[in-house]
Amino acid sequence: MRSRYSAFALGLHDYLRDTWHPSTRPTALDLDASSRWVRLEVLDHGQDGNKGRVHFRATFREGKRWGVLEESSRFVYEAGRWVYLDGTPSVTRLKPGRNDACPCGSGRKFKSCCAC
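Below or above, wherever it landed, is the structure these notes cover.

## Some words on the packing of aromatic side chains
- By the definition in use, this model includes seven aromatic pairs.
- Arranged with centres 5.7 Å apart and planes meeting at 75 degrees, the rings of Phe75 and Tyr84 form a pair that is edge-to-face.
- For Phe75, a relative accessible area of 7% gives the class buried.
- Within the aromatic cluster, the residues linked to one another by ring pairs are Tyr5, Phe8, Trp37 and Phe60.
- The ring of Trp20 carries the charged tip of Arg4 above its face, separated from the ring centre by 5.0 Å.

## Details of the sheet that holds strand E4 (residues 81-94)
- Across the sheet, which stays open at both edges, the four strands sit in the order E1-E2-E3-E4 with antiparallel pairing between neighbours. In this open sheet, the two edge strands, each paired with only one partner strand, are strand E1 (35-48) and E4. Averaged over all adjacent pairs, the angle separating strand axes in this sheet is 20 degrees, with direction ignored.
- The pairing of strand E3 (residues 65-78) with E4 spans 13 bridges and is antiparallel. Residue pairing for E4: Leu69 is matched across the bridge by Val91.

## Focus: the pattern of salt bridges
- In the structure shown here, the tally under the stated rule is six salt bridges.
- For the salt bridge of Glu41 with Arg39, the shortest nitrogen-to-oxygen distance reads 3.7 Å.
- Salt bridges linked by common partners bring Arg39, Glu41, Arg57 and Glu70 together as one network.

Definitions and limits used
- Residues numbered from 1 in each chain as written.
- Predicted model: local features only at pLDDT ≥ 70, side-chain atom pairs only at ≥ 80, totals over all residues.
- Heavy atoms only, no water.
- Phe/Tyr/Trp six-rings, centres within 6.5 Å; stacked < 30°, edge-to-face > 60°.
- Buried < 20%, exposed > 50% of the residue type's maximum accessible area, 1.4 Å probe, protein only.
- Lys NZ or Arg CZ within 6 Å of the ring centre and 35° of its normal.
- Pairing = 2+ DSSP bridges.
- Helix = DSSP H or I, 4+ residues; strand = E, 2+ residues; numbered from the N terminus.
- Axes fitted to C-alpha atoms, helices over the stretch in contact; angles between N-to-C directions.
- Salt bridge = Lys/Arg side-chain N within 4 Å of Asp/Glu carboxyl O.

Right, here's the structure in full:
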């Protein structure tokens, strides 16, 4: 999961396609270059034989707008590696206040961190 998040953050289309199960892999990936991924939180995970699941929250920024992608993902272990099968995503917008904690996870106030 962490390697796929890093691939999204770095725009590594080939890696994402290679780690996607062939039965659910899209023919093309349309990654938004304006999205800046800033934080990944793994909320829960588990494994049952060759099946795995990961519930995560990823925070991103598009210009001055903030958002959170939360997903419960399913993975399968095939040919010696884990591949992404599918997930149930939900995207919400964040509107941090100046004195709120910064969504990037720095622990600093928003006004002193990413508000500029």
